[in-house]
Amino acid sequence: MNAIYQNMLSAYDLTTEQQQRNATYEVNQQIILSGLYNGGFFDVAAFYGGTCLRIFHGLQRFSEDMDFSLLSPDESFDFPSYFQPIIDAFTLVGRKVEIRKKDKKSFGKVESAFLKDNTNVYDVSFQTEKSIKIKIEVDTDPPLKFSTEQKLLLLPISFMTRCFTLPDLFAGKMHALVFRTWKNRVKGRDWYDFEFYVRRGVPLNYTHLRERIRLFNGEELNFTEFKNRLKEHLAATDIGQVKTDVLPFVKNPKELDIWSNDYFLQLAEMMNVKE
């Protein structure tokens, strides 16, 4: 195994098979970011979502997919032009990858219903780890009114990643939690991240969240209306399913002992918000 890749993996606890899988995902995600940096991708786009929160803000759970937003709408944006820098970044650490654009027809009915037509989706797969596949989503007509910052990583090279700021990451997460939770697929990772933001005292940028709701859902909601919908969702969801979903991704399962519907309803009342 390449020394750089081995050095990156050695930073993780690799005791169990699940821990090895989580670590492999995260190392590969960082290599993808380095390739995108080399290709100039972050001149026109920013990283957001749970994986961004995990890599750059110490979220104590692992994540699989990578979400990006252009800084301004561009229908002609060509993400495949960044394939080669990603491939080159993996070559540097002795890995071979394949990148393919996913046809919307390849998604399940439920999943595809939550993808805008101008969200492009790609899979990065690996010759040596057949079960590892990283999904990349790039929104080419994004909701705006967000801010970004440059965040540093030192491996596999020193490089900067343009990221949404924490209040805007919080906004994206709350949109996912309330509007994109699917009936038969509870995503406990969204709940875990919600707890993270509230415990950190991160202010919710409702200006950006309002834009996301308007663009994705065609609704105009003030914060009180949104909060009421959030609380309805927190009260009605099976907390057992929430825990089951997030469990494989957390380092310390004891963290979830306090989880209940009432616990999350109280977190909702503790949110900081800026409009």
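Since the model is a prediction, treat every value here as computed from it, not as a measurement. (Residues numbered from 1 in each chain as written. Predicted model: local features only at pLDDT ≥ 70, side-chain atom pairs only at ≥ 80, totals over all residues. Heavy atoms only, no water.)

Focus on the overall build of the protein
Counting its secondary structure elements, the protein contains eleven helices and nine strands. Expressed along its principal axes, the backbone C-alpha trace of the protein runs to roughly 50 × 45 × 35 Å. Burial status across the protein gives 53% buried among its 275 residues. Counted over contacts in the protein with a minimum sequence separation of 6, partners at least 24 positions apart contribute 69%. Per element, the accessible surface of the protein, about 12,800 Å² overall, is 47% carbon and sulfur. (Helix = DSSP H or I, 4+ residues; strand = E, 2+ residues; numbered from the N terminus. Buried < 20%, exposed > 50% of the residue type's maximum accessible area, 1.4 Å probe, protein only. Contact = heavy atoms within 4.5 Å. Areas by Shrake-Rupley, 256 points an atom, 1.4 Å probe, with all protein chains shown as cover.)

Side note on the packing of aromatic side chains
Per the counting criterion, the structure on display carries 28 aromatic pairs. With 5.2 Å between their ring centres and 75° between their planes, F41 and Y82 make a pair best called edge-to-face. Of this pair, F41 sits in the loop between α2 (17-38) and β1 (45-48) while Y82 sits in the loop between β2 (66-70) and α4 (83-92), and the two are 41 residues apart along the sequence. Judged on exposure class, the residue F41 and its partner Y82 are both buried. By the ring-pair criterion, three or more aromatic residues cluster together here, those being F41, F42, F47, F56, F68, F77, F79, Y82, F83 and Y122. The side chain of R54 reaches across the aromatic face of F62, ending 4.2 Å from its centre. Note that R95 overlies the ring of Y5, its terminal NZ or CZ placed 4.1 Å from the centroid. (Phe/Tyr/Trp six-rings, centres within 6.5 Å; stacked < 30°, edge-to-face > 60°. Lys NZ or Arg CZ within 6 Å of the ring centre and 35° of its normal.)

Here we look at α2
Its 22 residues place the ends of α2 32 Å apart at the C-alpha level, agreeing with the 32 Å of an ideal helix rising 1.5 Å per residue. Downstream of α2 by a residue or two, G40 has a phi angle that is positive, lying close to 80°. (Expected span 1.5 Å × (residues − 1).)

Regarding the confidence of the model for the protein
Parts of the prediction with low pLDDT should not have their coordinates interpreted in detail. This prediction gives the protein a mean pLDDT of 91; 93% of its residues lie at or above 70. Low pLDDT, under 50, characterises residues 106-115; the stretch is placed with 14 contacts to residues that sit more than four places away or in other chains. (pLDDT = per-residue confidence, 0-100.)

Focus: unusual backbone geometry
Going from L155 to P156, the amide bond is cis rather than trans, its omega being 10°. With respect to the helices and strands, the residue P156 is situated in the loop between β6 (148-153) and β7 (159-164). Even without a glycine there, the phi angle at K145 is positive, about 65°. When its relative accessible area of 52% is taken as the criterion, K145 is described as exposed.

Points about the pattern of salt bridges
One pass over the full model with this rule turns up 14 salt bridges. Close ionic contact of K145 with E211 constitutes a salt bridge, the shortest N to O distance being 3.7 Å. A residue pair is termed long-range when its members are at least 10 positions apart, and K145 in the loop between β5 (133-139) and β6 and E211 in helix α8 (residues 206-217) qualify at 66 residues. Here E219 and R229 are joined by a salt bridge, their closest N and O atoms 2.9 Å apart. Remark: R229 occurs in helix α9 (residues 223-236) and E219 occurs in the loop between α8 and α9; sequence separation between them is ten residues. (Salt bridge = Lys/Arg side-chain N within 4 Å of Asp/Glu carboxyl O.)

Here's the deal with the pairing of β1
The alternating pattern of β1 places A45 and F47 on one face and A46 and Y48 on the opposite face, and all of these are buried. As defined by bridge partners, β1 adjoins β2 across four bridges and the pair is classed as antiparallel. Across the sheet, residue Y48 finds its bridge partner in β2, namely D67. (Pairing = 2+ DSSP bridges.)

Details of the layout of surface pockets
Quantified by volume, the second largest pocket comes out at close to 200 Å³. What lines the second largest pocket is Y12, D13, T16, Q18, Q19, N22, A23, F62, L247, P248, V250 and K251. Class assignment of the residues belonging to the lining of the second largest pocket gives a composition of six nonpolar, four polar and two charged. (1 Å grid on protein atoms, 1.4 Å probe; cavity = no way out; pocket = protein on both sides within 12 Å on 5 of 7 lines; lining within 4 Å. Points joined across faces, edges and corners; volume = space filled by probe spheres on them. Nonpolar A, V, L, I, M, F, W, Y, C, P; charged D, E, K, R; others polar.)

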